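# Summary of the model geometry
Spelled out, the chains give:
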Amino acid sequence: MLKAIYPGSFDPVTCGHLDIIRRAAKLVDFLVIGVLKNNAKTPLFSADERVNMLKDVTGHLENVQVKSFEGLSVDFAHREGACAIVRGLRAVTDFEYELQLAQTNRKLAPDIDTIFLTTNLQYSYLSSSTVKEIAFFGGDISGLVSPEVAQKVIEKIKEKQNEQNRTVDQ
Ligand code: ADP
């Protein structure tokens, strides 16, 4: 059985991620999406919130599971019994970083291969950061994330802005 992991921050999951998930799920027998709990980054959403959003948007895909993990992707892959790591490539700018990551992972775990899927051109500009920035300034994020994710992003940003306003007022 060909099992792969798709690790990432997914803060939040975008239509670009979803496109990679759908296509990867057709290529492999089983796909585990790994939501990284990374202490070096301050995400907008907690790991549990990111996992739940991913579960909502991938619930219809029978061979896809969503989990959170800490530490190295290759260790997560070993724990899951996966032999491959799926990553998405948007543009040349992703390539250098992703190549370095793949070579490092190969060195750490020669039994695990990286599968690169190139983005659907329609999403080549799309990142979680772009979504957050547009939403922060009140722009329209429909079409960039699913409607249920859009709702959660808008609510969360409002919550953060209210928190900031309260701090300024004090
Ligand atoms: P990370 O913090 O690990 O880069 P991301 O959630 O930003 O996590 O991305 C996870 C993976 O999905 C990465 O391989 C990234 O290149 C890919 N990805 C992100 N956005 C897109 C997109 N719009 N199209 C295709 N792949 C994407």
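Now for a look at the structure at hand.

It is worth spelling out the packing of aromatic side chains at this point. As enumerated under the stated definition, the model contains three aromatic pairs in all. Taking the centre distance of 5.1 Å and the plane angle of 80 degrees together, the rings of Tyr6 and Phe10 count as edge-to-face. No difference in accessibility class separates Tyr6 from Phe10, as the two residues are buried. Between Phe136 and Phe137 the ring centres are 5.2 Å apart and the planes differ by 85 degrees, which places this aromatic pair in the edge-to-face class. Classification of Phe137 as exposed rests on a relative accessible area of 67%.

Before going further, it helps to examine the site of the ligand. Near the ligand you find 17 residues, and of these Tyr6, Ser9, Phe10, Gly88 and Leu126 are the closest. Ser9 places a polar side-chain atom, nitrogen or oxygen, 2.7 Å from an oxygen atom of the ligand. Phe10 places a main-chain nitrogen or oxygen 2.9 Å from an oxygen atom of the ligand. Considered on its own, the ligand offers 550 Å² of accessible surface; in the complex 90% of this is hidden by protein. Elements that contribute at least two residues to the shell around the ligand include exactly strand E1 (3-8), helix H1 (15-27), strand E4 (84-89) and helix H4 (92-108). Each residue belonging to the shell around the ligand can be placed in one class, and the counts come to six nonpolar, six polar and five charged.

Glancing now at the layout of surface pockets. Counted as a void, the largest pocket has a volume near 1000 Å³. Around the largest pocket sit 43 residues that line it, and Pro7, Gly8, Ser9, Lys41 and Arg87 are the ones nearest its centre. Of all elements in the fold, only E1, H1, E4, H4, strand E5 (113-118) and helix H5 (128-136) reach the threshold of two or more residues within the lining of the largest pocket. If you tally residues by element for the lining of the largest pocket, the top one is H4, at eight residues. Split into classes, the residues belonging to the lining of the largest pocket amount to 18 nonpolar, 17 polar and eight charged.

Extensive coverage of strand E2 (residues 30-36) is indicated by the burial of five of its seven residues. Note: E1 against E2, six bridges, orientation parallel. The partner of Ala4 across the bridge, within E2, is Leu31. Handedness of the crossover is the feature at issue here: the chain leaves E1, passes through H1, returns alongside E2, and the resulting connection is right-handed. You can see the chain leave E2, run along helix H2 (residues 47-58) and come back into strand E3 (residues 64-69), and the turn it takes is right-handed.

Calculation criteria
- Sequence order sets the numbering: in each chain, residues are counted from 1 along the sequence as written.
- For this predicted model, a pLDDT threshold of at least 70 governs which residues receive local features, and a threshold of 80 or more governs which side-chain atom pairs are given and counted, while totals over whole chains, interfaces and linings are taken from all residues.
- Where side-chain values are given, they derive from all heavy atoms of the structure, hydrogens and water being excluded.
- To pair, rings of Phe, Tyr and Trp, with the six-membered ring standing in for Trp, must have centres within 6.5 Å; the planes then decide the type, stacked if under 30 degrees apart, edge-to-face if over 60, and tilted in the middle.
- Buried means the residue's accessible area, taken with a 1.4 Å probe over protein chains only, is under 20% of the maximum for its type, while exposed means over 50%, and partly exposed covers the values in between.
- Residue proximity to a molecule or strand is established when one non-hydrogen atom of the residue lies within 4 Å of it.
- Here a polar contact is recorded for every N or O atom pair within 3.5 Å, except that within protein the pair must consist of a potential hydrogen donor and a potential acceptor, and residues adjacent in sequence are included only if both atoms are side-chain atoms.
- Under the convention used here, a 1.4 Å probe and the Shrake-Rupley method define accessible areas, while residue burial counts only the protein chains that appear.
- Counting from the N terminus, the helices are DSSP H or I runs at least four residues long and the strands are E runs at least two residues long.
- When residues are sorted by character, Ala, Val, Leu, Ile, Met, Phe, Trp, Tyr, Cys and Pro go into the nonpolar class, Asp, Glu, Lys and Arg into the charged class, and all the rest, Gly among them, into the polar class.
- Using protein atoms alone on a 1 Å grid, points that fit a 1.4 Å probe yet trap it form a cavity, whereas open point sets bounded by protein on both sides within 12 Å along at least five of seven lines form a pocket; residues with an atom within 4 Å of a point count as lining.
- Grid points are joined across faces, edges and corners, and a volume is the space filled by probe spheres set on the points.
- Two strands qualify as a pair provided that DSSP identifies no fewer than 2 bridges between them.
- We call a crossover right-handed when, viewed with the strands running away from us, the connection from the first strand over the helix to the second turns clockwise.

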